[in-house]
Amino acid sequence: DGTEIRFVWGPVFKENECPDTESSYEYIKSLRPQIIVANMGLWWLHFQTKGRNQKGCVAETWMNYEHWLNNTLVLAEEAGASHLLFKTTNFICDDKYTNRYARANH
């Protein structure tokens, strides 16, 4: 039916670096999505310093959560999306962690 799903943290995200939000938003807009599912969960902070070493920008995004919400709404409008869904954090099964995350979890 032509349905396409993309996880876009994607072409501009590198682990342990601040996300390039501007480039991510431009990329998302270029896709002209019908639906955007926005997910900013606590997983951004999960295992900080215990196998994951995100930069301070991750905490700054949480401290300015309303700003992120507004930017996401503007993104959806500018991309021409007909629906914007805000998703909550997924449940995580501890026994599925591997390597550094498994070590950090115990």
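Before reading on, note that the structure itself is shown above.
What counts, and at which threshold
Residues numbered from 1 in each chain as written. Predicted model: local features only at pLDDT ≥ 70, side-chain atom pairs only at ≥ 80, totals over all residues. Heavy atoms only, no water. Helix = DSSP H or I, 4+ residues; strand = E, 2+ residues; numbered from the N terminus. Buried < 20%, exposed > 50% of the residue type's maximum accessible area, 1.4 Å probe, protein only. Contact = heavy atoms within 4.5 Å. Areas by Shrake-Rupley, 256 points an atom, 1.4 Å probe, with all protein chains shown as cover. Phe/Tyr/Trp six-rings, centres within 6.5 Å; stacked < 30°, edge-to-face > 60°. Core = buried A, V, L, I, M, F, W, Y, C linked by side-chain atoms within 4.5 Å. Salt bridge = Lys/Arg side-chain N within 4 Å of Asp/Glu carboxyl O. Patch = residues over 30% accessible without salt bridge, like charges linked within 9 Å, V, L, I, M, F, W, Y side chains within 5 Å.

**Student:** Lay out the overall build of the protein chain with the relevant residues and their values.
**Tutor:** The helix and strand tally for the protein chain stands at four helices and two strands. Looking at the protein chain residue by residue over its 106 residues, the buried ones come to 23%. Looking at the protein chain alone, contacts between residues at least 24 apart form 65% of all its contacts between residues at least 6 apart. On the protein chain, roughly 7800 Å² of surface is accessible, and the fraction owed to carbon and sulfur atoms is 54%.

**Student:** Residues and numbers for the packing of aromatic side chains, please.
**Tutor:** Applying the stated rule across the entire model yields two aromatic pairs. Look at tyrosine 65 and tryptophan 68: their rings are 5.7 Å apart centre to centre, the planes differ by 25°, and that puts the pair in the stacked class. Of this pair, tyrosine 65 and tryptophan 68 both sit in helix H3 (residues 65–79), three residues apart, which is roughly one turn of that helix. You can call tryptophan 68 buried: its relative accessible area is 14%. Taking 6.0 Å as the distance between ring centres and 70° as the angle between the ring planes, the aromatic pair formed by tryptophan 68 and phenylalanine 86 counts as edge-to-face.

**Student:** Now, about the environment of leucine 85: what can you tell me, with residues and values included?
**Tutor:** Counting through the fold element by element, leucine 85 comes out in strand E2 (residues 83–87). Residues leucine 85 and isoleucine 35 lie 50 residues apart in sequence; the distance between their C-alpha atoms is 7.6 Å.

**Student:** An account of the nonpolar core is requested, with residue identities and associated values reported.
**Tutor:** Ranked by size, the top nonpolar core spans ten residues in total: Tyr25, Ile28, Ile36, Ala38, Met40, Trp68, Leu75, Ala76, Ala79 and Ala81. Those elements giving two or more residues to this core turn out to be helix H1 (21–31), strand E1 (35–39) and H3. Here this core gets four residues from one element, more than from any other, and that element is H3. The residues touching alanine 76, leaving out its near neighbours within four places in the chain, are Ile36, Ala81 and Leu84.

**Student:** Describe the pattern of salt bridges, with residues and values.
**Tutor:** A full pass over the atoms with the stated rule returns two salt bridges. Residues glutamate 26 and lysine 29 are paired through a salt bridge, measuring 3.0 Å at the closest nitrogen-oxygen approach. Residue glutamate 26 and its partner lysine 29 are both found in helix H1; the two are separated by three residues, about one turn of the helix. For glutamate 78, the salt bridge is made with lysine 29, and the minimal N-O distance between the two is 2.7 Å. Taken as a pair, glutamate 78 in helix H3 and lysine 29 in helix H1 lie far apart in primary sequence, 49 residues in all. Judged by relative accessible area, lysine 29 falls into the buried class, the value being 19%. Each of Glu26, Lys29 and Glu78 takes part in one network of salt bridges that share partners.

**Student:** Kindly report on a nonpolar patch on the surface, identifying the contributing residues and their values.
**Tutor:** A cluster of nonpolar residues, Ile35, Val37 and Leu85, forms a patch on the protein surface that exposes about 270 Å² of accessible area. Residue class for leucine 85 comes out partly exposed when judged on its relative accessible area of 45%.

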